[in-house]
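Next come the chains, spelled out residue by residue.
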Amino acid sequence: MDQCHVFGKMSRYAIGAQSFFHGEFDPSALLQIVIFLLCVAFNLERINATEVFGMPMGVLSSALKGLCALLLCFCFFSRLPSREELIRVLGISILLVFEYLSSKSFTFLWCALAVLAVRGSTLQWIARSVFISYIGFFVVVCALCLVGVIEPVVGSRSGGVLDRSSFGFSGPNQFGTMLIVITMSWIVWRWPRITKLDLLVPALCVVLCLVVADSRTSVAILIFFSVSVAVYMSFDGKFSVASLAKAAIIVLLALLLLSVLLMAFYDDGNPFLFSLSKLTSGRLYYMNRYAELYPITPFGLDFSTAELIVKETFSTRLLLDNVYACLLLKHGYVLTVVFISLLVALLNAAKRVPNSMAVVFLLGMLSFIISGFFENGMIDITVNFFLFGLSVLVYPESRDGFFSSKTSLMSGLPFRLTGRECDL
């Protein structure tokens, strides 16, 4: 092994140990592991198996989540938060406790816990952990499906001639979601060193999504994000960050308003709306149906006892793929207003950072904002890892660092070796 690499590793361990024993523990390395495990824990719920080699996937997922929760709390308190930060955390906690008591949903509790713990981390560093976790999990599940350990979910669209396969995941759309996260995390991790050769990854993901899962939403988002990044590269980065942020905010608010209007006024008797609903696999119909059956409350509703809906490839008690309708009905109008307001504030914060990573971040957020009209991944922090950016609202001083292109866990060292001696 190269002496330079040996010296680098020994220095990391020595400095980390010295910091720990002096009460200056830097949880960056631990956070990298936690984000990896958190993605695994949630992805275990996305496979088409209750047991693998005798191991119950539900129990394993819950155990990993419990471990991640403890480690995230440890990482948060290891940095000795200030009184102002603790007040912010207390306010967030009270709001989320009310939301959980009403909806029995952990979605935003996990989001808050993860966001609070990643203070000082960079988007690129987070994307690296997400990519490694997702690509490893994806390969393992596909391999287990090929050898018959996990069964695929197979179906076809009405009038379609090609089968849609989940390839081991709980549905074709879950397969597509995996490819979206792999593509986005890869591009963010590689930025700004990305080359045209790196774009082979999203190209391969698009082909897999089309041939295997036939997931239209996933293919559209993959193409939109990848082409946007390619166009940005072609124009040598001459994008207006402010204009892109403003466009993302307008699209966010427009889709929220459109979703509310469709929830209230969708009518099967309208040929145009009926055709549009059919094109989107009944999404408009179900938005309106749930809005008529259930009231919109301050902190959401628990749908665990709702009517079971059985489809060709899955069954569920809440068939609500539009994230804006899901926010209002499942999480309540109070949390919806708070969450949308935070997203607007985050997009505004990104436009004040004059570097290319902010543009990639905005393109990623815009992709999830658009996909939110058809899928729920926008509010899941293990899917939409750009939500980690909410940490810059809790810790404003970390804004520029979050959007930087440094992946090193040792950026806080008092020295830096260069040239042949290596960068630590």
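About the thresholds
Residues numbered from 1 in each chain as written. Predicted model: local features only at pLDDT ≥ 70, side-chain atom pairs only at ≥ 80, totals over all residues. Heavy atoms only, no water. Axes fitted to C-alpha atoms, helices over the stretch in contact; angles between N-to-C directions. Helix = DSSP H or I, 4+ residues; strand = E, 2+ residues; numbered from the N terminus. Parallel < 35°, antiparallel > 145°, perpendicular 65-115°, else oblique. Left-handed = near helix turned anticlockwise from the far one by under 90°. Contact = heavy atoms within 4.5 Å. Core = buried A, V, L, I, M, F, W, Y, C linked by side-chain atoms within 4.5 Å. Buried < 20%, exposed > 50% of the residue type's maximum accessible area, 1.4 Å probe, protein only. Expected span 1.5 Å × (residues − 1). Arc of directions from axis to C-beta. Polar contact = N/O pair within 3.5 Å; in protein donor to acceptor, adjacent residues only side chain to side chain. Nonpolar A, V, L, I, M, F, W, Y, C, P; charged D, E, K, R; others polar.

K.L.:
Looking at this structure, I do not really get the packing of helix α10 (residues 241-265) against helix α12 (residues 283-293). What am I missing?
P.N.:
In a packed pair of helices, the relevant descriptors are the angle between the two axes and the axis-to-axis distance. Where α10 contacts α12, the axes come no closer than 7 Å and their chain directions differ by 70 degrees. Taken together, α10 and α12 sit at an angle that is classed as roughly perpendicular. Seen from above, α10 lies across α12 with right-handed handedness. Contacts between α10 and α12 involve Ser259, Leu262, Met263, Ala264 and Phe265 from the first element and Leu284, Met287, Asn288 and Ala291 from the second.

K.L.:
What exactly am I supposed to notice about the nonpolar core here?
P.N.:
It is characteristic of soluble globular proteins that their nonpolar side chains tend to be buried jointly. Within the largest apolar cluster, 130 residues are counted, with the highest numbers of intra-cluster contacts made by Phe361 and Phe385. With 16 residues, the top contributor of residues to this core is helix α13 (residues 323-350). With residues near it in sequence (within four places) discarded, Phe361 still touches Leu123, Leu346, Ala350, Phe386, Phe402 and Phe403. Ranked by size, the runner-up nonpolar core spans 5 residues in total, among them Phe76, Val89, Leu116 and Val394.

K.L.:
Would you explain helix α3 (residues 57-77) in this entry?
P.N.:
For an α-helix, 3.6 residues make a turn, and residues three or four places apart therefore share a direction. The end-to-end C-alpha distance of α3 is 30 Å, a good match for the 30 Å that 21 residues give at a rise of 1.5 Å each. Residues of α3 that are buried: Met57, Ser61, Leu64, Lys65, Cys68, Leu71, Leu72, Cys75 and Phe76. Viewed along the axis of α3, the buried residues span an arc of 140 degrees, placing them on a single side of the element. Within α3, the exposed residues directed more than 90 degrees away from the buried face are Val59, Leu70 and Phe77. Turning to α3, the residues buried within the fold contact α2 (28-43), β1 (51-52), β2 (55-56), α4 (83-103) and α5 (107-117).

K.L.:
Help me understand helix α11 (residues 271-279), please; the structure alone is not making it clear to me.
P.N.:
For α11, the side-chain oxygen to backbone nitrogen distance between the N-cap and Phe272 is 2.9 Å, and the N-cap itself is Asn270. Note on α11: the residue one or two positions beyond its end, Ser281, has a positive phi of about 55 degrees.

K.L.:
Hey, could you run me through unusual backbone geometry in this one?
P.N.:
For residues that are not glycine, phi is negative in most cases, and the peptide bond is trans in most cases. Residue Pro192 is bonded to the preceding Trp191 through a cis peptide linkage, with omega at 0 degrees. Considering the arrangement of structural elements, one finds Pro192 in the loop between α7 (172-190) and α8 (200-213). If you check the backbone angles, Phe53 has positive phi at about 55 degrees while not being a glycine. Considering the arrangement of structural elements, one finds Phe53 in the loop between β1 and β2. Although it is not a glycine, Phe167 adopts a positive phi angle of roughly 55 degrees. Locating Phe167 in the fold gives a position in the loop between β4 (164-165) and α7.

K.L.:
Explain the packing of α11 against α12 here, please?
P.N.:
Following both chains from N to C, one finds α11 and α12 inclined at 105 degrees, their axes separated by 6 Å at the closest point. On the basis of their axis angle, the class for α11 and α12 is roughly perpendicular. Contact residues: α11 offers Leu273, Leu276 and Ser277, while α12 offers Arg283, Leu284 and Tyr285. Of the residues contributing to the contact of α11 with α12, the split by class is 4 nonpolar, 1 polar and 1 charged.

Interpretation note: all reported values are geometric properties and have no functional meaning in isolation.
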